[in-house]
Structure formats: structure tokens, C-alpha cells
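# Per-entry structural report
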Amino acid sequence: MMNLIALILFLPLAGLFVNLLFGWKLGEKFAGWVASAAISGAFLAAMGGFVRLIGLPPEARLLRLVLFEWIPIGGFQVNAGFMLDPLSSVMTLVITGVGALIHFYSMGYMHGDRGVVRYFIYLNLFVFFMLTLVLGDNFLVLFVGWEGVGLCSYLLIGFWFGRESACEAGKKAFVFNRVGDFCFLIGLFLIIGVFGTLDFAEVLGRAPTTLVAGSGIATAICLLLFAGATGKSAQIPLYVWLPDAMEGPTPVSALIHAATMVTAGVYMVARAYVLFELSPVAMNVVAIVGAVTLLVAASIALVQTDIKRVLAYSTVSQLGYMVLALGVGAYSAAIFHLMTHAFFKALLFMGAGSVIHSLDGEQEMNKMGGLNAALPVTSMTCTIAALAIAGVFPLAGFFSKDAILYSAMTSEHGGVLFWLAGAAGALMTAIYIFRLIFKTFHGKCNLTMETQARLHESPRVMTLPLQALAGLSIAGGWVGIPLIPGADIFGGFLAPSLGGLAEGHHEALFEVIMMAISLAIALLGIYIAYKLFVRNVGGGAAYAERWPRLYRLVLNKYYVDEAYDYMIIQPVKRISTRLWKDFDDGFVDSSVGGVGGFVRLIGAAARQLQTGYVKSYAITMLVGALAVILYLTSGMK
Amino acid sequence: MDNVMGFPLLTVITFLPLLGAVIVMLFFDREKTGAIKGFATAVAVVDFILSIPLWTKFDTAKAGFQFVEKVSWIPTIGVGYHVAVDGISVLLVLLTTITMIVGVVCSFTAITDREKEYYVCLLLMATGMLGTFVAIDIFLFYVFFEITLVPMYFLIGIWGGPRKLYAAIKFFLYTLFGSVLMLLGILALYFVNLKMGTGTLTFDLQQLYAVGPKIPMSLQAWIFLAFFIGFAIKVPMFPFHTWLPDAHVEAPTAGSVILAGILLKMGTYGFVRFVLPLLPQASQAFVPFMMLLSIIGIIYGALVAMAQTDVKKLVAYSSVSHLGFVMLGVFALNQQGVLGGQLQMINHGISTGALFLLVGIVYERRHTRMISDFGGLAKQVPVYSTIFAITMLSSIGLPGLNGFVGEFLILIGAFKASYVYAAFAVIGIVLGAAYMLWLFQRMFFGNLDNPENQRLTDCNRREVLYMLPLVVLMFWIGLYPRPFLARMEASVGKVVKMVNVAKAEQDTKSAHLKKKLRPAPKRNIF
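To start, this report covers the structure provided alongside it. All figures in this text were calculated on a predicted structure; none of them were measured in a lab.

Cut-offs applied
Residues numbered from 1 in each chain as written. Chains lettered and ligands numbered in written order. Predicted model: local features only at pLDDT ≥ 70, side-chain atom pairs only at ≥ 80, totals over all residues. Heavy atoms only, no water. Helix = DSSP H or I, 4+ residues; strand = E, 2+ residues; numbered from the N terminus. Rg over C-alpha atoms; globule rule 2.2 N^0.38 Å. Buried < 20%, exposed > 50% of the residue type's maximum accessible area, 1.4 Å probe, protein only. Contact = heavy atoms within 4.5 Å. Areas by Shrake-Rupley, 256 points an atom, 1.4 Å probe, with all protein chains shown as cover. Lys, Arg positive; Asp, Glu negative; His and termini not counted. Charge placed at Lys NZ, Arg CZ, Asp CG, Glu CD. Disulfide = S-S within 2.5 Å. Salt bridge = Lys/Arg side-chain N within 4 Å of Asp/Glu carboxyl O. Buried area = accessible area lost by both parts, 1.4 Å probe. Nonpolar A, V, L, I, M, F, W, Y, C, P; charged D, E, K, R; others polar. Polar contact = N/O pair within 3.5 Å; in protein donor to acceptor, adjacent residues only side chain to side chain. Patch = residues over 30% accessible without salt bridge, like charges linked within 9 Å, V, L, I, M, F, W, Y side chains within 5 Å. Core = buried A, V, L, I, M, F, W, Y, C linked by side-chain atoms within 4.5 Å. Pairing = 2+ DSSP bridges. Phe/Tyr/Trp six-rings, centres within 6.5 Å; stacked < 30°, edge-to-face > 60°. Axes fitted to C-alpha atoms, helices over the stretch in contact; angles between N-to-C directions. Parallel < 35°, antiparallel > 145°, perpendicular 65-115°, else oblique. Left-handed = near helix turned anticlockwise from the far one by under 90°.

Let us look at the overall build of chain B. Helix and strand counts for chain B come out as 22 helices and 2 strands. Here the C-alpha radius of gyration of chain B, 23 Å, is about what a compact globule of 526 residues would show, namely 24 Å. If you line up chain B on its principal axes, its C-alpha atoms span 80 × 55 × 40 Å. Counting every position in chain B, which comprises 526 residues, the buried fraction comes to 67%. Taking the intrachain contacts of chain B between residues at least 6 apart in sequence as the baseline, contacts between residues at least 24 apart amount to 80%. Counting every atom, chain B has about 17000 Å² of accessible surface; 67% of that belongs to carbon and sulfur. Of the charged side chains in chain B, 39 are positive and 26 negative, and the gap between their average positions amounts to 10 Å.

All names here are of chain A. If you trace the backbone, glycine 471 turns up in helix H19 (residues 460–475). Using a relative accessible area of 34% as the deciding quantity, one classes glycine 471 as partly exposed. Spatially, the C-alpha atoms of glycine 471 and leucine 395 are 9.7 Å apart, while their sequence positions differ by 76 residues.

What follows concerns the state of the cysteines. Taken as a whole, this structure holds 0 disulfides over all chains when the rule is applied. Cysteine 183 of chain A forms no disulfide, and the closest cysteine sulfur to it belongs to cysteine 222 of chain A, at a distance of 14 Å. You can see cysteine 106 of chain B has no disulfide; the closest cysteine sulfur is in cysteine 459 of chain B, sitting 13 Å from it.

For the rest of this paragraph, the subject is the pattern of salt bridges. Residue and element names in this part refer to chain B. Across all of its chains, the model carries 16 salt bridges over all chains by this definition. A salt bridge links arginine 455 to glutamate 452; its shortest N-O distance comes to 3.9 Å. By relative accessible area, glutamate 452 is classed as partly exposed at 40%. One continuous salt-bridge network, built from bridges that share partners, spans Arg163, Lys170 and Asp246.

Our focus in this paragraph is the interface of chain B and chain A. With 70 residues of chain B at the contact, the number on the chain A side is 68 residues. Carbon and sulfur atoms make up 79% of the surface buried where chain B meets chain A, a total of about 6500 Å² over both sides. Inspection of the region where chain B meets chain A yields 1 salt bridge. Taking the shortest distance from any N to any O, the salt bridge between arginine 482 of chain B and glutamate 69 of chain A comes out at 2.2 Å. Sort the elements by how many residues they give to the side of chain B that touches chain A and helix H7 (residues 164–196) of chain B lands first, with 15 residues. Grouping the constituent residues of the side of chain B that touches chain A by class yields 53 nonpolar, 11 polar and 6 charged.

Moving on: the side chain of aspartate 306 of chain A. All names here are of chain A. With respect to the element layout, aspartate 306 can be found in the loop between helix H12 (280–303) and helix H13 (307–327). Only 3.3 Å separates the side chain of aspartate 306 from the side chain of glutamine 363, close enough to count as a polar contact. Filtering out sequence-adjacent residues up to four positions away, aspartate 306 remains in contact with Gln363 and Glu364.

This part is about a nonpolar patch on the surface. On the surface, Phe10, Leu67 and Phe68 of chain A together with Leu468, Val472, Phe475, Trp476, Leu479 and Tyr480 of chain B cluster together into a nonpolar patch covering about 760 Å² of accessible area. Counting residues per element, the nonpolar patch draws most heavily on helix H21 (residues 461–479) of chain B, which supplies 5 residues. Here leucine 479 of chain B falls in the partly exposed class, since its relative accessible area comes to 45%.

Formed by 451 residues in total, the largest nonpolar core has its most connected members in Phe139, Leu225 and Leu275 of chain A together with Phe227, Phe271 and Phe408 of chain B. A total of 18 residues in this core trace back to one element, the largest contributor, which is helix H14 (residues 331–358) of chain A. Those residues within four positions of phenylalanine 408 of chain B in sequence are excluded, and the remaining contacts are Ile71, Phe76, Leu140, Leu185, Phe189, Ile192 and Leu198 of chain A.

Below, the discussion takes up the pairing of strand S2 (residues 76–84) of chain A. All names here are of chain A. Of all 9 residues that make up S2, 7 are buried, and the element is covered over most of its length. Sheet topology places strand S1 (residues 63–73) next to S2; 9 bridges connect them, and they run antiparallel. Its bridge partner lying in S2, valine 66 is registered against glycine 81.

A word on the packing of aromatic side chains. All names here are of chain B. This structure, assessed with the given rule, holds 62 aromatic pairs over all chains. Ring geometry for phenylalanine 133 against tyrosine 269: centres 5.1 Å apart, planes inclined by 90°, an arrangement best described as edge-to-face. Pair noted here: phenylalanine 133 is in helix H4 (residues 115–134) and tyrosine 269 is in helix H11 (residues 253–278), with a separation of 136 residues, a long-range link. There is no split in this pair, since phenylalanine 133 and tyrosine 269 are both buried. Ring geometry for phenylalanine 224 against phenylalanine 286: centres 4.3 Å apart, planes inclined by 5°, an arrangement best described as stacked.

All right, on to the environment of leucine 225 of chain B then. Residues and elements named next belong to chain B. Positionally, leucine 225 belongs in helix H9 (residues 217–234). What makes leucine 225 partly exposed here is its relative accessible area of 30%. A sequence separation of 111 residues divides leucine 225 from arginine 114, and the C-alpha atoms of the two residues are 41 Å apart.

Right, let's talk about the environment of lysine 232 of chain A for a bit. Residue and element names in this part refer to chain A. Along the chain, lysine 232 falls in helix H7 (residues 216–232). Its relative accessible area of 1% is what places lysine 232 among the buried residues. A C-alpha to C-alpha distance of 5.7 Å links lysine 232 and glycine 265, two positions 33 residues apart in sequence. Apart from residues no more than four positions distant in its own chain, lysine 232 is found in contact with Trp146, Val149, Gly150, Asn177, Trp241, Met261, Val262, Ala264 and Gly265. At 2.7 Å, the side chain of lysine 232 and the backbone oxygen of tryptophan 146 are in polar contact.

Here we come to the packing of helix H18 (residues 402–417) of chain B against helix H19 (residues 419–444) of chain B. Residue and element names in this part refer to chain B. Direction vectors running N to C along H18 and H19 enclose 155°, while the axes themselves pass 7 Å from each other. Judged by the inter-axis angle, H18 sits roughly antiparallel to H19. Residues Glu407, Leu411, Ala414 and Phe415 of H18 pack against Tyr419, Ala422, Ala425, Val426 and Ile429 of H19.

Residues and elements named next belong to chain A. Here helix H16 (residues 396–410) crosses helix H21 (residues 508–535) at 120°, and the two axes come no closer than 10 Å. Classified by the angle their axes make, H16 and H21 are oblique. Both H16 and H21 take part in a crossing whose hand is right-handed. Contacts between H16 and H21 involve Phe398, Asp402, Leu405, Tyr406, Met409 and Thr410 from the former and Phe510, Glu511, Met514, Met515, Ser518 and Leu519 from the latter. Its residues assigned to classes, the contact of H16 with H21 comprises 8 nonpolar, 2 polar and 2 charged.

Don't take any of this as a statement about function, it's just geometry.
So, in C-alpha cells, the structure goes:
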């Protein structure tokens with residue numbers, strides 16, 4: 001019997017090698033099809049794995065694969081081991097499913113680019129590492145994937161490496177992630193210290209008995225792991241790299257910086273939820289970080305005018321929802337939102353890509369408008385995605401966001417403030433996303449006549465994936481319907497990985513009221529956007545004029561980047577130059593044992609005398625040393 | 001003698017390059033440079049082939065010495081010709097033989113002046129380095145340790161860059177100063193053994209191992225300091241590192257590769273081979289001091305690397321940082337730390353050696369090493385860029401490549417010793433990513449706007465060929481380090497045990513003492 005895990009994992013790698021060997025010669029089309037076929041194959045294998053899991057009784061849903069012993073040393077061992085359980089099954093389906101669609105889409109989007117073969121190689125490599133991340137059966141294999149996706153993200157952000165800003169952004173992403181990784185690694189060392197292993201099954205199985213609930217060490221581990229997650233999943237304080245990451249090609253933004261890689265932190269926390277349950281403090285921190293991030297990012301998204309930046313901040317904000325869900329203990333809701341978000345956010349990015357593609361690279365929304373007529377499929381699918389993200393019944397986002405808001409209110413870790421944050425965020429979400437839709441597809445067209453004449457809908461290879469994702473944005477939430485017994489298939493499926501469903505305290509009436517409120521919020525937001533950007537064009541600008549300082553503060557993203565630059569980056573640069581020029585060359589070199597200064601003298605002398613001098617110096621030293629030794633040894637008697 | 005087939009393998013491996021050097025010196029016409037290059041390459045390759053049994057026939061279960069050869073040399077003062085390898089040294093010997101091939105082959109076009117003498121120096125260098133790693137007699141070790149100084153001095157001083165004389169003399173004096181102090185330490189051990197140990201005159205390490213722990217702490221501390229200066233200059237540890245950037249920048253490519261790949265390892269190897277097992281109490285006592293210097297080295301080296309404008313100098317300072325990691329692992333004094341340190345010695349030899357080779361390749365074409373002279377190379381030289389990228393990622397410890405496994409083990413070890421040390425050391429990882437990526441960005445990304453760079457040619461077949469084994473090793477150790485770890489594990493275990501025996505005694509003593517004074521409950525952070 002074929003090993004499905006190996007198949008899921010190695011098909012993308014196979015695609016990569018085929019392209020590495022033949023892609024350069026056989027050209028763009030070949031490379032695109034090979035890469036897409038590899039990911040599609042991986043998707044089929046992931047489906048196979050899913051079906052295999054379903055066929056097993058719930059508590060036995062676990063497939064394992066150990067390739068070899070990776071780091072075996074006395075008393076500590078890490079395997080190159082993988083496992084497929086319900087949680088990783090959902091992740092593999094999302095990664096390969098959305099991934100395959102984005103691969104197909106890329107064939108159209110990247111058509112004609114010089115580096116397209118390299119692009120597909122990177123993309124396959126990314127999918128491979130992402131699958132390693134979610135399939136690893138221990139923290140270290142997860143970390144391999146974790147760093148690997150970071151590397152691919154670096155390579156793909158800087159894909160157009162001729163652009164200075166793209167390279168800056170790539171480096172920024174990598175270094176900010178490294179700061180998160182720094183904490184993550186220390187967290188791992190603490191886990192090794194406590195458990196002596198990094199194996200998920202052992203660590204999570206033994207955690208409740210080994211760690212004291214609420215102990216400092218439990219909190220330390222969780223906070224460190226979570227700090228790693230804030231890097232990868234772009235949460236406060238490490239979120240600033242994600243908006244800049246939009247320098248990469250748009251399908252990359254869709255795949256890496258919306259649907260998959262940035263959710264790695266959410267996945268990791270969900271995977272280690274047993275540890276987090278042991279630390280109420282850490283849970284609280286997680287929830288607060290999520291809530292604040294979702295508010296801050298949503299507010300920035302309200303005023304950005306670059307279409308991709310709006311979506312980038314929207315992504316940060318939606319990731320904030322997932323983190324909030326984790327913090328209030330609603331792990332399956334977090335993964336649910338992760339999945340639906342992958343559908344509609346990938347769709348939004350690809351729709352934006354379709355717009356950018358047809359406008360020859362224009363990303364400024366103020367220069368767009370009225371594109372509805374020329375780009376009907378793009379406009380239609382994007383609107384569906386916008387309705388989904390805004391949380392309109394019965395689209396996907398409605399169910400997942402509702403699940404999070406409900407838990408934020410009712411969970412033992414939750415509270416009214418968390419709900420309020422989520423609700424306020426939902427209002428802003430609806431406003432910014434429909435601002436984007438209205439400014440791009442409706443109203444007066446601000447393009448030059450010349451560009452207007454050349455407007456065209458994207459080719460089928462790009463619009464078909466859009467339509468597929470639109471279908472998923474509509475129906476993707478129907479697997480997690482609350483209230484009706486047995487209709488929350490999603491939560492039921494994940495239960496073996498994420499603990500039992502929080503059954504029991506679902507009060508039907510209360511839940512219906514909550515759903516009504518969140519739907520009302522979404523509709524209100526859409527109405528506000530309609531009033532400000534359609535009915536009364538310039539309505540938004542009027543508010544900006546009324547509170548200019550607030551507007552500038554938000555427009556400049558609360559000056560967080562500038563603060564980082566001023567407080568950390570510039571000082572480090574200054575210190576390193578200082579250390580080198582003044583300290584290393586000036587002080588250490590000339591004063592350590594006085595030797596350095598001596599050397600300079602000798603050097604000057606030697607330039608005149610050439611060799612010979614060194615020899616005599618060496619002999620002098622040896623003689624001196626021998627004298628000391630003789631003295632010492634005679635003293636010993 | 002329990003060497004393979006009664007064949008003095010280690011002696012042959014060690015002295016074959018010397019023989020080669022003599023033959024070149026005596027029988028080769030200095031004009032026939034092609035023949036000299038071919039012969040030198042052949043010697044290096046044969047030497048490597050001869051060293052393969054050290055990998056295949058090595059008994060991984062055995063902690064003690066293997067391939068032993070022992071004859072008396074100067075019996076009146078107890079000097080013996082005693083060579084052998086164990087898990088501590090076997091991989092270093094192999095790394096040396098591989099590096100020698102690379103060092104010879106990479107010089108074919110880089111060196112055009114006094115070639116005969118050049119290859120003689122390289123081959124002499126090989127004998128010195130190999131001898132240092134296989135010598136079990138501490139006097140013999142010292143002789144080889146010193147022998148390496150001379151050819152390296154000439155390599156830098158004759159075939160080096162503009163400030164070669166200054167750099168060569170600085171290198172020579174620093175190292176000589178250190179090794180003279182080390183000689184004091186060696187002699188002290190020798191006489192102490194005469195008085196308190198076996199009562200015989202011997203430099204044999206296996207006999208000295210027994211007397212080490214018996215030396216009173218007051219004297220051990222002094223011997224420790226003598227060895228410390230000797231090895232710390234070689235490593236180099238902060239603040240003895242300033243000779244390194246000068247030596248690296250001025251040395252020809254092969255010189256830098258050998259310097260980084262092998263010569264620096266003599267220092268770290270010295271700590272593991274001599275200091276830890278011979279001076280266990282002092283090693284324990286100096287842990288905080290050593291850890292502090294290591295951490296300073298890690299962070300300081302990385303920060304100063306960030307400010308560099310010359311690629312080669314940047315790589316040199318990154319060495320200071322990486323060797324700080326090695327020392328951190330070694331002085332964690334536990335299995336994971338020392339094992340990680342040992343593996344990282346190999347890793348650093350591979351990755352940093354490769355980086356120097358890459359710098360050399362581009363220097364040969366452009367005659368500049370200033371970072372600002374480059375930019376946008378990724379477009380012009382894709383193969384070179386790819387190899388550079390992989391090497392860079394290996395150097396910053398990306399999982400899946402060799403650097404990660406070593407750093408990871410070191411940090412586990414350091415963490416066990418103290419989480420404060422480990423936490424500081426991890427900062428080095430963040431900074432490492434920063435300076436390397438910044439370097440890569442400035443050299444390879446951006447626009448190819450310098451017309452000089454537009455004529456740059458990509459790696460030729462010879463260059464790819466000598467880079468390839470290093471790249472393969474990066475992946476091999478990163479993905480499947482088991483064969484490497486297995487070879488070192490038993491011997492490292494032995495060293496760790498030796499350095500901790502004394503501590504165990506001390507602990508029980510002080511525990512008794514504490515119990516008498518006041519019953520202090522043992523605290524455990526976990």
C-alpha cells in the first residue's frame with residue numbers, strides 16, 4: 001500500500017526536481033504545468049489521507065510515517081517523523097487545495113516573466129516546507145518547515161530582486177521572523193528541559209501530569225512559543241513585515257501571505273493547545289494580542305489606498321481573529337476561520353492580482369474605479385469574497401467569525417471586552433472591504449483613456465481558480481453550522497486533535513441573538529461603506545479632514561515602522577560600526593596584552609629589515625620562556 | 001599496535017604531504033608549473049583516499065584511541081611518537097584531507113607567482129595540521145602545533161594582499177605568544193606528573209590523564225590559564241581575535257580556507273583534547289568566565305561583522321561569532337554541548353571554508369572585495385549565486401543544512417548548563433541572519449549597474465567541482481548527521497565523564513558541607 005503521507009510530502013518535491021532538471025530548457029509552460037500537476041497530485045493524496053482518516057474510528061484517526069532518525073544522540077532523539085491526524089489533514093487539504101488553484105492562476109499571472117521557472121521552483125519548495133510544517137510529528141520537524149517557509153517567503157518576496165524595495169522587504173520579513181524564531185527556539189529548549197523530548201505525542205500527552213497548571217515554567221513555555229507565532233502569523237509586535245511582503249508577486253501574497261504560511265503560528269498554537277490550557281496567563285496574553293492586533297490592523301486597513309496593502313492589513317486583522325479564538329480556547333473555531341479565510345482571502349488577493357494584471361501593474365485604488373464592466377468575473381468573485389469576509393449570512397466567513405465571537409463572549413477564558421473588540425473589528429472589516437470593492441469596481445473610472453481601452457478580463461486559467469474559490473467562499477462555512485445537532489461536522493472532525501467540543505453550554509436563544517447581532521454589524525458596515533464611497537463620493541475624505549491628526553496617525557500605520565527603525569535598527573547599525581572602528585580596531589587590537597601595539601612597532605621595523613627579525617624575536621621569546629620554566633621547576637623542589 | 005593490517009596508516013597520512021613537498025622541492029622544475037600543480041593535487045587526493053579507512057573502519061562503539069601507533073622517540077625525557085585517533089579527532093583529520101584537496105585545486109589560477117614554493121608550503125601545512133590532530137604525545141602535539149606556524153606565515157607573507165607582511169607578523173606573534181605560554185603549561189604537567197603521578201618522565205597523554213584531577217586547584221588554575229591563552233588565541237576567542245581579520249583579509253584564498261577550516265579548530269580541539277580532561281576542576285571553575293567570553297564573542301563578532309565593508313573581513317568576523325558558539329558548547333561540559341561543539345567545528349570548516357572559496361572566486365575575476373563594488377550579481381552569475389546562497393544559509397543555521405544541527409545541540413547543552421547563557425547565545429542567531437542576508441542582498445540583488453560586473457563570468461567546471469563536495473556535506477550533515485554524530489559520541493561521552501568526575505566529588509563534598517551549615521532544600525526550576 002502506498003504511503004499517503006510520503007505522497008503528500010514528496011510530490012511537490014518531485015515537481016521541484018523535474019523543473020530544476022528540465023524546466024530551464026523546456027520553458028515556461030512546461031514548468032507551470034509540472035508545478036501545478038505536482039500540487040494537484042498532492043491534493044489528491046491529501047484527499048486520500050482524509051478519506052482514510054474518516055474510515056477510522058475517531059480516536060484512532062492517526063497515520064504515522066518515520067523516515068529516519070534525524071538527530072540521535074544519547075538520551076535525546078529527534079526523528080524525521082510525520083503524522084496525519086484530523087488537524088494536519090485539514091491543513092494539508094487547505095494548503096494543497098488552495099495551493100493548486102494558485103499554481104494554475106500563476107501560469108496566467110506570471111506569463112512572460114523572465115524568471116518564471118525559478119518562480120515555480122520556489123513555489124513548489126514552499127508547498128513542500130509548508131506540508132513539512134503541518135505534518136511533522138515533533139516540534140523540530142515543525143521548525144524545519146517553519147524556517148523553510150520563511151526562506152521561501154524571503155525568496156519570493158524578493159523575487160523581483162532588481163527592485164530595491166522588494167529586497168528590503170524580503171530581508172525585513174526574514175529578520176523579523178528570526179526574532180520570533182529566537183523565542184520559539186528558547187521555548188523548545190525549555191520543553192526539552194522539562195520533557196526530554198520534542199515529540200508531540202509525548203510532550204502533549206505528559207504535559208498535564210508533568211507541568212503544574214499555572215506554574216511559571218508552563219507560562220514561560222507558552223509565551224515563548226506564542227512569541228514565535230507572533231512572528232510568523234504577523235501579530236503585534238512583530239506584524240510589520242507582512243504589509244511590506246506585498247512586494248512579491250500577487251499569487252505569492254495569496255498563497256504565502258494570506259492562505260498558508262502566515263497561519264503557521266495559529267496552527268502551532270492549536271497543535272500545542274494542551275500546553276496553553278495549563279497557563280491561564282498565557283491564554284490571556286494570546287487573546288489580548290489577538291484582539292489588539294485585529295483592531296489596530298483593521299483601523300489601518302480603513303485608510304490605505306494601495307489595494308494590496310488594504311488586503312495585507314486585512315490579513316493581519318483576520319489572523320488577529322484566529323489568535324483571539326485560540327486565546328479564548330476556541331481552537332476549532334480558530335482553525336475553521338483559518339480555512340474559510342484561506343478561501344476568501346486568497347480569492348481577494350487573486351482578484352486584486354487580476355485587476356493589477358489588467359492594469360499593467362497599477363495598485364493604487366484612487367486611480368481605479370468602475371472596473372465592474374470590464375472585469376465582470378473578477379468583480380463578481382471579489383464581491384462574493386467581500387461578503388464572505390464581512391460575515392454576511394450564509395457565506396463562509398459568517399459561520400467562522402460567528403463561532404469566534406460566540407466563544408469570545410461565552411468561553412471561560414473569554415469576556416465581554418473580547419467580544420466587543422471582535423465586534424468592532426467586524427464593523428471595520430465590512431467597511432474597509434467594501435470601500436475596496438466600491439473604489440475599485442464601482443463609481444467613476446479614474447483611468448486614463450489609453451489604459452481603459454486596453455482593459456481586458458484575465459485569461460481563463462486565472463478566472464477559473466477565482467470561480468472555484470468563490471464557490472468555496474460561499475459554501476465553505478456550511479461544514480461548521482452551530483445549533484443544529486451534528487451539523488458542526490468540522491468541529492466534530494477536529495475533536496480528536498483539539499480536545500472535545502465544548503458542548504452543553506450552547507444556549508440556543510442566546511446564540512441566535514448573537515448571530516443576529518453579528519449579521520447586523522456586517523450589514524451596517526457595508527451600508528456605511530456604501531454611504532461614504534458610493535452615495536456621497538468623498539464622504540471618507542470629509543472625515544479625514546475633520547480629524548486630520550488621527551487620520552495621519554492611522555495612515556502612517558501608527559508610526560510603528562519608524563519607531564522600530566529609530567529605536568532598534570539604527571542603534572544596532574551605529575553600535576556595530578562603532579564597535580568595529582573605535583573598539584575593535586582602536587581599543588582591543590592595540591591594548592590586548594599590549595601585543596597589538598607591539599606588533600605595529602615590529603611591523604614597522606620588519607618592513608625595513610624584512611625577515612630575520614621575526615626569527616630572532618621568536619628565539620628571544622623561546623629563551624625567555626625556557627628561563628621561566630626552569631625557574632618554576634626549580635622552585636617546585 | 002592495533003592499526004589496520006599492521007599498516008602505519010596515520011603515519012603515512014601525516015607524512016605523505018611532507019614527502020610530496022620534498023619531492024617537489026628536489027625534483028620539479030620551477031618553470032613546469034602544470035606538473036607541480038598536478039603532482040600536488042595527486043598527493044592531496046591520495047592522502048584523502050588513504051584517510052577513507054578512518055571513516056569506514058572506525059569503531060563507533062569505542063571511546064578510546066584507535067589506529068594507534070606508538071614508538072619511543074626521545075626516551076631520556078620521555079617523549080614518544082604516539083599517534084592515534086578517536087571520536088574527537090577522526091573527523092578533523094578527514095576534514096583536513098578534504099580541505100587540502102580543495103586548497104590545492106582552488107589555487108591553480110589564483111597563484112601565479114613562485115608557484116613551486118607555494119605548493120611546497122601548502123603540503124607542509126598539511127603535515128603540520130594532520131600531525132596536530134593525531135598526536136597523542138603532548139610534546140609531539142606541540143611540535144606539530146608549532147610547525148604549522150611557519151608555512152602559514154609564508155603563505156600570508158609571500159602570497160598575501162597589500163598588507164601581507166603586517167598580517168603575517170601579527171599572526172605569527174600572536175600565535176607564538178600563545179603557544180609559548182602553552183608550552184609552560186605542558187611542562188608544568190610534565191613535572192607535576194613526575195612528582196604526583198606515575199613518577200616517570202612522560203608526555204604521553206594517556207598517562208597524564210590520570211594525574212590531571214589530582215593536581216591541586218591552585219596549580220590547576222595556573223596551568224589552565226597557560227593553556228587558555230594558547231588555545232584562545234588560536235580559536236580565536238574575544239579579546240584575542242584581532243589577528244584573525246587581518247590574517248584572513250591578506251591571506252590568499254587557500255590560506256584563508258585552511259586558516260578557517262583547520263587552523264582555528266586546533267584551538268577548540270585543544271580545549272576538548274587537553275584542557276577538559278587534564279584540568280577538570282579548573283575547567284569547571286572557569287565555566288562562567290569561558291561562557292562569558294564565548295557569548296561576547298558570539299554577539300560581538302556578529303555586530304562587528306554587520307559593519308564590514310569588505311566581504312572577506314565580514315566572513316572573518318562571522319568566524320569569531322561561530323567559534324564563540326563552538327566554545328559555548330564545549331564549556332557547557334555536557335554530552336550535547338560538547339558533541340554539538342565538535343560537530344560545529346566540522347560545520348564551520350565546511351561553511352566558512354566554502355564562503356572564503358566563493359569570495360576568492362569573485363576576487364580572482366574582479367580584484368576587489370568591497371561589498372559596494374557588487375550588486376545584482378544574481379542575474380549575471382546564477383550558478384555562483386546559488387552556491388553562495390546555499391552556503392550562506394548553511395552558515396546562518398537554516399534547518400535542513402549542517403549549521404543548524406550543530407547550533408541546536410550546542411544550545412541544548414548550553415541551556416542545560418544555564419538558560420541565561422543559552423538565551424544570550426540565541427541572539428547571535430538573529431544577528432547572524434541579519435548580517436548574512438544583508439550581505440547577500442547587497443551583493444546579489446538590486447541592479448547590475450557596475451559595468452565591470454556585467455563582464456563577470458560564472459563558475460567554471462573546476463570551481464563547481466571543488467565546491468560540490470562541500471555543498472553535498474552541508475546537506476548530508478543537515479539531513480542525516482547520524483554517521484557523524486555516531487563517530488564522535490562515545491569519545492565525547494568519555495571526555496564529559498572525565499571533566500565531570502571531579503565535579504561529582506566536589507558536589508558531594510560541598511553538599512556535605514552545606515548540610516552541616518544549614519539544610520538548604522535543593523531547588524529545581526522545573
